[in-house]
Amino acid sequence: MRLLRKILVLFCAISAFAGSASAVLVDWSALNWPAGSLSNSYDVDPSSAGNDVTVTISGDTGQLQASLVSPNPQTPAITRAFDGGLGTSPKTLELALDLSNNSQFVTVTINFSAQYASGVSNVSLQLFDIDFNNAGGSTYQDVISSIYATSTTGTQIAPTITGLGSNVSLTGTGLNQVLSGTASTVDLGAGSGAGNATISFNATDISSITFRYDSGTMFVNPTYQHIGIYNIDYEVIPEPGAVGACLVVVGLAVLRSHRWLRSRPYGFVA
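An account of the accompanying structure is given in this report. Just so it is clear, the structure is predicted and the values come from calculations on it, not from any experiment.

### Structural notes on the pattern of salt bridges
Then, in step 1: By the definition in use, this model includes 2 salt bridges.
Then, in step 2: Here D83 and R80 are joined by a salt bridge, their closest N and O atoms 2.9 Å apart.

Given below as structure tokens:
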């Protein structure tokens, strides 16, 4: 019986370790976003029933424009507008704007399912084509600000920003970090990675991610501008109760085995 107990406890420990964190990917190449729609939910986690992630675009959404890439869908849309320096023909969720003034903006919010009672962890995403132009009739500066995660208890979490392309500047610290385009960047091919930035939240208990996209204050009447949101990675940590439930099963199994052994003839007991 002691051997049985040890085997079952070991099984629980191995299960807990193996399931300590499972990686989940929001892969735009495998998903559908009806062109121009402002909020969509996706079932991307095989271990969780129902939708796991909801992406919503809010703010001055009347300023959203069509993509420049055929068949020119109204954005937000999943397109092949950007390479981001990758050679894999990536798809992104494209946002294209033509703001009437420099006080307008849109907000991107990524909500994780309430079924993740303890939230998610280690969320990361890349942005493509954060750039700047003041030539040939184009006057805009891509600006990403108000970048933060919200925990399951309502606390704001500052991002870690890495992988900056040569045409992107990072200013500020903590919850006040701002990404700004500094030069024009090609959308496709060689040099397209110069407008990249990676936003990560190396924390646990995350319930949502938010950032704001606008043109800053440099131009009074910005012209057409666009960025791409590449795939979103996150991890799920099993609920603590799962290990407890396993140990309860161990206890019941041991108890039943003990009763069964005591009922055998010849005094065969542990």
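### Points about the environment of F211
Then, in step 1: With respect to the helices and strands, F211 occurs in strand β16 (residues 206-214).
Then, in step 2: Classification of F211 by relative accessible area gives buried; the value is 1%.
Then, in step 3: Separated by 104 residues in sequence, F211 and T107 have C-alpha atoms that sit 5.8 Å apart.
Then, in step 4: Ignoring anything within four residues of it in the chain, the contact list for F211 reads V106, T107, V108, L127, I144, S145, S146, I147 and I229.

### Section: the pairing of strand β15 (residues 197-201)
Then, in step 1: With 5 of its 5 residues buried, β15 lies for the most part within the structure.
Then, in step 2: Residue alternation in β15 divides its side chains into two sets, A197, I199 and F201 and T198 and S200, and both sets are buried.
Then, in step 3: Here 5 bridges tie strand β7 (residues 121-128) to β15, and the two strands are oriented antiparallel to one another. If you follow V123 over to β15, its bridge partner there is F201.
Then, in step 4: Strand direction decides the pairing type here: strand β12 (residues 160-162) and β15, joined by 3 bridges, are antiparallel.

### Considering unusual backbone geometry
Then, in step 1: The linkage connecting S70 with the following residue, P71, adopts the cis geometry, with an omega of 10°.
Then, in step 2: Topologically, P71 is positioned in the loop between β3 (53-59) and β4 (77-79).
Then, in step 3: Residue T75 is joined to P76 through a cis peptide bond whose omega torsion reads 5°.
Then, in step 4: Backbone geometry places N72, a non-glycine residue, at a positive phi of 55°.
Then, in step 5: The topology assignment puts N72 in the loop between β3 and β4.

What counts as what
Residues numbered from 1 in each chain as written. Predicted model: local features only at pLDDT ≥ 70, side-chain atom pairs only at ≥ 80, totals over all residues. Heavy atoms only, no water. Salt bridge = Lys/Arg side-chain N within 4 Å of Asp/Glu carboxyl O. Helix = DSSP H or I, 4+ residues; strand = E, 2+ residues; numbered from the N terminus. Buried < 20%, exposed > 50% of the residue type's maximum accessible area, 1.4 Å probe, protein only. Contact = heavy atoms within 4.5 Å. Pairing = 2+ DSSP bridges.

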